[in-house]
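The residues making up each chain are set out below.
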Amino acid sequence: RIEEKAAKFEKEAEEARLENLKKQQEHQKEMEEIGLGSDLDISTQGASGIASSVSFSPLKALYVQIQTILELVVIIIRFSHNILVWEEACLAFWLTSAALVLSFVCIFIPWGKD
């Protein structure tokens, strides 16, 4: 009985493999028909028609600085979000507790001449 199930499973797996292979071949054929076969070269070419690996970007240093600043901003926003939605439960608890204690203390501080 187990051998029958194993044989049935292997037969189904082989049929699925062959069907998948057929779909891949059909897809490859369609891609070749529209000109996007496996021999497509998508490298950037310079003015002389030769592929160039050197790029000139006068703003590259500025982009690196902006990316560094944005990375820090994203980290801070992600961390703040995690606190607000209580993903960082321990820190969120202590911040909430500190805020409640400070609000209670501020009730008794004489703020004006009233």
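Coordinates for the structure precede this section.
Our subject in this report is the structure included herewith.

About the cut-offs
Residues numbered from 1 in each chain as written. Predicted model: local features only at pLDDT ≥ 70, side-chain atom pairs only at ≥ 80, totals over all residues. Heavy atoms only, no water. Helix = DSSP H or I, 4+ residues; strand = E, 2+ residues; numbered from the N terminus. Buried < 20%, exposed > 50% of the residue type's maximum accessible area, 1.4 Å probe, protein only. Areas by Shrake-Rupley, 256 points an atom, 1.4 Å probe, with all protein chains shown as cover. Patch = residues over 30% accessible without salt bridge, like charges linked within 9 Å, V, L, I, M, F, W, Y side chains within 5 Å. Salt bridge = Lys/Arg side-chain N within 4 Å of Asp/Glu carboxyl O. Lys, Arg positive; Asp, Glu negative; His and termini not counted. Charge placed at Lys NZ, Arg CZ, Asp CG, Glu CD. Phe/Tyr/Trp six-rings, centres within 6.5 Å; stacked < 30°, edge-to-face > 60°. Expected span 1.5 Å × (residues − 1).

1. What about the overall build of the protein?
- A count of helices and strands for the protein gives three helices and zero strands.
- Beginning at the N terminus, the succession of helices and strands in the protein can be written as α-α-α.
- Here the protein holds 114 residues, and 3% of them are scored as buried.
- Accessible surface for the protein amounts to roughly 11,000 Å². Of this, 64% is attributable to carbon and sulfur atoms.

2. Looking at a negative patch on the surface
- A surface patch of negative charge is lined by Glu 26, Glu 30, Glu 32 and Glu 33.
- For Glu 30, a relative accessible area of 49% translates into the label partly exposed.

3. Some details on the pattern of salt bridges
- If you walk through the whole model with that rule in mind, you get two salt bridges.
- With a closest N to O distance of 2.7 Å, Glu 14 and Arg 17 form a salt bridge. Of this pair, Glu 14 and Arg 17 are both found in helix H1 (residues 2-33), three residues apart, which corresponds to roughly one turn of the helix.
- Relative accessible area serves as the criterion here: at 45%, Arg 17 is assigned to the partly exposed category.

4. Points about unusual backbone geometry
- Its identity is not glycine, yet Trp 86 carries a phi of approximately 60°, on the positive side.
- Within the secondary structure layout, Trp 86 lies in the loop between helix H2 (60-84) and helix H3 (89-107).
- Given a relative accessible area of 43%, Trp 86 falls into the partly exposed group.

5. Here's the deal with the packing of aromatic side chains
- According to the stated counting rule, one finds two aromatic pairs in the structure shown.
- Measuring from ring centre to ring centre gives 5.0 Å for Phe 93 and Trp 94, while their planes differ by 70°; the resulting arrangement is edge-to-face.
- Under the relative-accessibility criterion, Phe 93 is labelled partly exposed at 43%.
- Relative to Phe 108, the ring of Phe 104 lies with its centre 5.3 Å away and its plane at 75°, an arrangement referred to as edge-to-face.
- By relative accessible area, Phe 104 is classed as exposed at 52%.

6. Description of H1
- With 32 residues, H1 should cover 46 Å at 1.5 Å per step; its first-to-last C-alpha distance of 46 Å lies within 8% of that length.
- Positive phi shows up at Gly 35, right after H1, with a value of about 90°.

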